[in-house]
Amino acid sequence: KQEVTQIPAALSVPEGENLVLNCSFTDSAIYNLQWFRQDPGKGLTSLLLIQSSQREQTSGRLNASLDKSSGRSTLYIAASQPGDSATYLCAVKVGSNYQLIWGAGTKLIIKP
Amino acid sequence: KAGVTQTPRYLIKTRGQQVTLSCSPISGHRSVSWYQQTPGQGLQFLFEYFSETQRNKGNFPGRFSGRQFSNSRSEMNVSTLELGDSALYLCASSSGQSQETQYFGPGTRLLVL
């Protein structure tokens, strides 16, 4: 059974710092892995999607990597800003269906 | 292009009642998925509809059901509400291709008293 873990559960850093969020999964047989952000009381916004055949994806100040063999993904945020404060969730798509298995999220606070 | 919309945004019900939530996907998207989010269990997959057919289902009791209409709009219904059904219900749409991301609506926050 696929399980997704995100560490740490919460993180608080000063503005301007680079930071890394971690996501691990137990079964390497995944279709893809996605990173989302969720702002309080709101839905989810897709940040990056990495296909199983890819090693990384980049969008602006965000870079996500995927190592299927070790069951790990990292989300790197460069030059953090207060607007980056949110909960970041990773999810893996398993099998040929469209079920996403979710981590519990990392709550990120960027202090001005 | 308009995003995913969900109605209502907030809902208060009492135990034993039933509720219907609605989701309108992005134009052209044929797949709609539903998720339940609670502080204790996190995000859990309910079911996915594609072209009016339920294509996948999560591990929820039969009180949770859904349907999709020919215009891809979807509804989910929860009967005999329990206190534990209080949650944020999220709907996501996509074209239905396995490699694509899903686009989420703002959610419906349901409170069961």
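Described in the following lines is the structure provided in the data block. Owing to the predicted nature of the structure, the values given are computational and were not obtained by experimental measurement.

## Regarding the interface of chain B and chain A
Contacts between chain B and chain A engage 21 residues on the former and 19 residues on the latter. Overall, the association of chain B and chain A removes approximately 1,700 Å² of surface from exposure, summing both partners, and the carbon and sulfur fraction of that is 51%. Linking chain B with chain A are three residue pairs in polar contact (both at pLDDT 80 or more), by the criterion used here. Among the elements that take part in the side of chain B that touches chain A, strand β5 (residues 42-50) of chain B stands out by supplying three residues, more than any other. Tallied by class, the residues present in the side of chain B that touches chain A amount to seven nonpolar, nine polar and five charged.

## Details of the side chain of B:Ser74
Residues and elements named next belong to chain B. Tracing the chain through its elements places Ser-74 in strand β8 (residues 74-78). Relative accessible area serves as the criterion here: at 0%, Ser-74 is assigned to the buried category. Within the structure, the side chain of Ser-74 is placed 2.9 Å from the backbone oxygen of Arg-67, a separation counted as a polar contact.

## Considerations on the sheet that holds strand β1 (residues 5-7) of chain B
Sheet strands line up and pair through hydrogen bonds in the backbone, either parallel or antiparallel. Residues and elements named next belong to chain B. One open sheet holds the four strands; their spatial order is β1-β3-β8-β7, and the pairing between them is antiparallel. At either margin of the open sheet sits one strand with a lone partner, and together these are β1 and β7 (64-68). The sheet shows a mean angle of 20° between the axes of neighbouring strands, taken without regard to direction. With three bridges connecting them, β1 and strand β3 (residues 19-24) associate as antiparallel partners. Residue pairing across strands places Thr-7 opposite Ser-22, the latter belonging to β3.

## Observations regarding the environment of A:Pro8
All names here are of chain A. Counting through the fold element by element, Pro-8 comes out in the loop between β1 (4-7) and β2 (10-14). Separated by 12 residues in sequence, Pro-8 and Val-20 place their C-alpha atoms 9.9 Å apart. Filtering out sequence-adjacent residues up to four positions away, Pro-8 remains in contact with Gly-105 and Thr-106.

## Focus: the pairing of strand β7 (residues 62-67) of chain A
Residue and element names in this part refer to chain A. In this sheet, β7 lies alongside strand β6 (residues 56-59) in antiparallel orientation, the contact comprising four bridges. When the sheet's bridge partners are listed, Thr-58 is paired in β7 with Asn-63. Connecting β6 to the antiparallel partner β7 that follows it, the hairpin turn spans two residues, and Gly-60 within it adopts a positive phi of roughly 60°. Across six bridges, β7 lies against strand β8 (residues 72-77) in antiparallel orientation.

## Things to note about the side chain of B:Gln37
Its location among the elements puts B:Gln37 in strand β4 (residues 31-38). A polar contact is formed between the side chain of B:Gln37 and the side chain of A:Gln38, at a distance of 2.8 Å. If near-sequence neighbours (up to four positions away) are discounted, B:Gln37 is found in contact with A:Gln38, B:Gly42, B:Leu43, B:Ala87, B:Leu88 and B:Leu90.

## Let's talk about the pairing of strand β3 (residues 19-25) of chain A
Residues and elements named next belong to chain A. With burial as the criterion, only one face of β3 is covered, namely that bearing Leu-19, Leu-21, Cys-23 and Phe-25; the residues Val-20, Asn-22 and Ser-24 on the opposite face remain uncovered. In the sheet, β1 pairs with β3 via four bridges, with the strands oriented antiparallel. Within β3, the residue paired with Val-4 across the bridge is Phe-25. Bridge analysis of β3 against β8 gives six bridges, and the strand direction is antiparallel. Along β8, the bridge assignment pairs Leu-19 with Ile-77.

## Some thoughts on the environment of B:Thr38
Residue and element names in this part refer to chain B. Tracing the backbone through its elements, the reader meets Thr-38 in strand β4. Exposure remark for Thr-38: the relative accessible area of 13% places this residue in the buried category. The spacing of Thr-38 and Tyr-89 is 51 residues in sequence and 8.9 Å in space, taken between C-alpha atoms. Aside from chain neighbours lying at most four places away, what touches Thr-38 is Ser-86 and Ala-87.

## Considerations on the sheet that holds β6(A)
Residues and elements named next belong to chain A. Strand order across the open sheet formed by five strands is β1-β3-β8-β7-β6, with antiparallel pairing between neighbours. Because the sheet does not close on itself, it has two edges, and the strands there are β1 and β6. Along the sheet, successive strands turn relative to each other by an average axial angle of 15°, direction set aside.

Conventions adopted
- Residues numbered from 1 in each chain as written.
- Chains lettered and ligands numbered in written order.
- Predicted model: local features only at pLDDT ≥ 70, side-chain atom pairs only at ≥ 80, totals over all residues.
- Heavy atoms only, no water.
- Contact = heavy atoms within 4.5 Å.
- Buried area = accessible area lost by both parts, 1.4 Å probe.
- Polar contact = N/O pair within 3.5 Å; in protein donor to acceptor, adjacent residues only side chain to side chain.
- Helix = DSSP H or I, 4+ residues; strand = E, 2+ residues; numbered from the N terminus.
- Nonpolar A, V, L, I, M, F, W, Y, C, P; charged D, E, K, R; others polar.
- Buried < 20%, exposed > 50% of the residue type's maximum accessible area, 1.4 Å probe, protein only.
- Pairing = 2+ DSSP bridges.
- Axes fitted to C-alpha atoms, helices over the stretch in contact; angles between N-to-C directions.

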